[in-house]
Amino acid sequence: MNQESSSARHQLGVLLWVNLRSILRKPLYLIVILTSFILLSMIITTLFSLRVGLVDAVESSAEPGLYFAKSRNSSSEITSTITRNQAAQVSRLPGVLTVSPEWVVLVRLTPDGVDKEYLVRGVTRKVFALANSKSGNPMVNITRGRAFQAGQNEVLVGESLSRRYPAFRVGGTIRIHDHEWKIVGEFSTGGSPRQSEFIADLEHIRTVWGADRNYNLVAFTGSNSEASDYQKAMSGSLSDRVSVSDSRTHYAGGSDGMSQALLWFGLFFSLLSAFSVTAGIIALCESLIANQQDQLSMMLLLGFGRVVALSYLCFMMLFGLVGAMIGAVLSMLLFNGIMFTTFDHSRELVFPLMVSGTMQVISVSYGVVISFIASCFVLPAIGAATKGK
């Protein structure tokens, strides 16, 4: 039994070597097959790594102990309305530490020659008192310049916007509601989407805009660990009209659409590219086998009949492995760390494409599976070429 097994392994090794020499004589076949698996691996790695980077950015931007109260069933901050009475009730909920009522508006600006909408957030000085519940560090830090003055056309620019657009740096001006507003400072929130906005004096910008005295939302810090704790503490009409979410859930709302789109886009192109690669490999292999009929006949005469099909199966899986590995490595070298942004007409979340080892293993495994499937479809062609030999 061991002798037969050793003989089969020897025959398999010989056939793999013969197949390799044959395909090396046809470099076009070699290039096309390898390139197919390289591109397949790069598509899988890149698309899903992009989604991983987005999800990780949302997770890392969450600020412990920060919560947002906005009107129930509102689709965004812009469409939310919190009355002054509701804001006062939120501030009295058990566990609430600091409350920052906020009013938001979209303005159209062209920092890079392209007209876009940016979010300007009206806040009070209490926004600078919001602190991380674990570290105690402020959630809004002025990193350059100074704070805006009440009643003045002055704004602070978020660090992400300032870095991305030279026109938004300290000392510049932006036009809000037909008035020039000076950028007097820059602020950071530790990487959250809120640092892709402008902030200004709440009462002044609301007056300039001619808005009522309501808010859009209330940001607050608290000692409770879950948003549901505050939701349960509400009673009567407040609970029916106001919903509370933690910072992760609140920030994810602006990127959920892109995350889902990347997931389905990735799945669609994974299947489409797999189908294309499989069809192409089958056509190439059938052509290669047709040109090797005499060689296959010789192998059968020499007693290699039982391992001919297995040799082609292993041969194609080897190419799938090598091509997918090259594609995974190229994805790491070419795309890892490239920055992308979500722009949802109000704020940007900048995030990197993150090619992880896990994602590379998945893409390589996928390439091997596709090569196995393609090989299985080639087996009938091998049987037809050797039939009657």
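Provided above is the structure to which this section pertains.
Tell me about unusual backbone geometry, and please be specific about residues and values.
Most peptide bonds are trans, and most residues other than glycine sit at a negative phi. The backbone of His177 shows a phi angle near 55°, a positive value even though the residue is not glycine. Here His177 is to be found in the loop between strand S6 (173-176) and strand S7 (179-188). Under the relative-accessibility criterion, His177 is labelled partly exposed at 37%. Located in the positive-phi region is Asp178, a residue other than glycine, with phi close to 65°.

Which residues make up the packing of aromatic side chains, and what are the values?
Applying the stated rule across the entire model yields nine aromatic pairs. Relative to Phe168, the ring of Tyr165 has its centre 5.5 Å away and its plane inclined at 75°; by these criteria the two rings are edge-to-face. Owing to a relative accessible area of 3%, Tyr165 belongs among the buried residues under this scheme. Taken together, the aromatic side chains of Tyr118, Tyr165, Phe168 and Phe198 make up a single cluster linked through ring pairs. In this arrangement the basic side chain of Arg125 is found over the ring face of Phe148, its NZ or CZ atom lying 5.8 Å from the centre.

Tell me about the pairing of S7, and name the residues and values.
Within S7, seven of the ten residues are buried, leaving the element largely enclosed by the surrounding structure. Sheet topology places strand S4 (residues 141-145) next to S7; four bridges connect them, and they run antiparallel. Bridge assignment links Gly145 to a residue of S7, and that residue is Gly185. Judged from the five bridges that link them, strand S5 (residues 154-158) and S7 form a sheet pairing that is parallel.

Break down the side chain of Ser273 for me, citing the residues and quoting the values.
Position of Ser273 relative to the elements: it lies in helix H9 (residues 256-290). When its relative accessible area of 10% is taken as the criterion, Ser273 is described as buried. Excluding its chain neighbours within four sequence positions, the residues that come into contact with Ser273 are Leu40 and Ile43.

For the pattern of salt bridges, give the residues involved together with the corresponding values.
Taken as a whole, this structure holds twelve salt bridges when the rule is applied. Across the pair Glu102 and Arg121 runs a salt bridge whose closest N-O atoms are separated by 2.7 Å. Of this pair, Glu102 sits in strand S2 (residues 96-109) while Arg121 sits in strand S3 (residues 116-123), placing them 19 residues apart in sequence. With relative accessibility at 0%, the residue Glu102 sits in the buried group. Assessed through its relative accessible area of 1%, Arg121 is described here as buried. Close ionic contact of Asp115 with Arg108 constitutes a salt bridge, the shortest N to O distance being 2.8 Å. Judged by its relative accessible area of 43%, Asp115 falls in the partly exposed class. Residues participating in the shared-partner salt-bridge network are Glu77, Glu102, Arg121, Arg194 and Glu197.

Requested: an account of the nonpolar core, with residues and values cited.
A general trend in soluble globular proteins is that nonpolar side chains are found buried together. Among the nonpolar cores identified, the biggest contains 36 residues, and Phe168, Ile174, Phe198 and Phe220 are the most heavily contacted of them. With six residues, the top contributor of residues to this core is S2. Not counting the four nearest positions on each side in its chain, Phe168 is found in contact with Leu109, Pro111, Tyr118, Val157, Leu161, Ser162, Ile174, Ile183 and Phe198.

Describe a nonpolar patch on the surface, and please don't skip the residues or the numbers.
On the surface, Leu318, Leu321, Val322, Met325, Ile326, Val329, Leu330, Leu333 and Leu334 cluster together into a nonpolar patch covering about 750 Å² of accessible area. With respect to the secondary-structure elements, Leu333 resides in helix H11 (residues 308-335). Look at Leu333 and you get exposed, because its relative accessible area is 64%.

Quick one: what's the story with the environment of Ala219, residue by residue and with numbers?
In this structure, Ala219 sits in strand S9 (residues 217-222). Overall, the relative accessible area of 0% leaves Ala219 in the buried class. Residues in contact with Ala219, not counting those within four places in the same chain, are Leu66, Tyr67, Phe68, Thr98, Val99, Ser100, Glu102, Leu130 and Arg194.

Can you break down the environment of Leu156 residue by residue, with the values?
Mapped onto the elements of the fold, Leu156 is located in strand S5. Distance from Leu156 to Gln195, taken between C-alpha atoms, is 9.9 Å for residues 39 residues apart in sequence. Excluding its chain neighbours within four sequence positions, the residues that come into contact with Leu156 are Phe128, Ile142, Arg146, Ala147, Phe148, Val184, Gly185, Glu186, Phe187, Glu197, Phe198 and Ile199.

Before we move on, could you go through helix H3 (residues 84-91) and cite the residues and values that matter?
Among the residues of H3, those classed as buried are Gln86, Ala87 and Val90. End-on view of H3: buried residues confined to an arc of 100°, all on one side of the axis. Along its buried surface, H3 packs onto strand S1 (66-71), S2, S9, helix H7 (236-241) and strand S10 (242-246).

Each value, and the rule that gives it
Residues numbered from 1 in each chain as written. Predicted model: local features only at pLDDT ≥ 70, side-chain atom pairs only at ≥ 80, totals over all residues. Heavy atoms only, no water. Helix = DSSP H or I, 4+ residues; strand = E, 2+ residues; numbered from the N terminus. Buried < 20%, exposed > 50% of the residue type's maximum accessible area, 1.4 Å probe, protein only. Phe/Tyr/Trp six-rings, centres within 6.5 Å; stacked < 30°, edge-to-face > 60°. Lys NZ or Arg CZ within 6 Å of the ring centre and 35° of its normal. Pairing = 2+ DSSP bridges. Contact = heavy atoms within 4.5 Å. Salt bridge = Lys/Arg side-chain N within 4 Å of Asp/Glu carboxyl O. Core = buried A, V, L, I, M, F, W, Y, C linked by side-chain atoms within 4.5 Å. Patch = residues over 30% accessible without salt bridge, like charges linked within 9 Å, V, L, I, M, F, W, Y side chains within 5 Å. Areas by Shrake-Rupley, 256 points an atom, 1.4 Å probe, with all protein chains shown as cover. Arc of directions from axis to C-beta.

Purely geometric stuff here, so don't read any function into it on its own.
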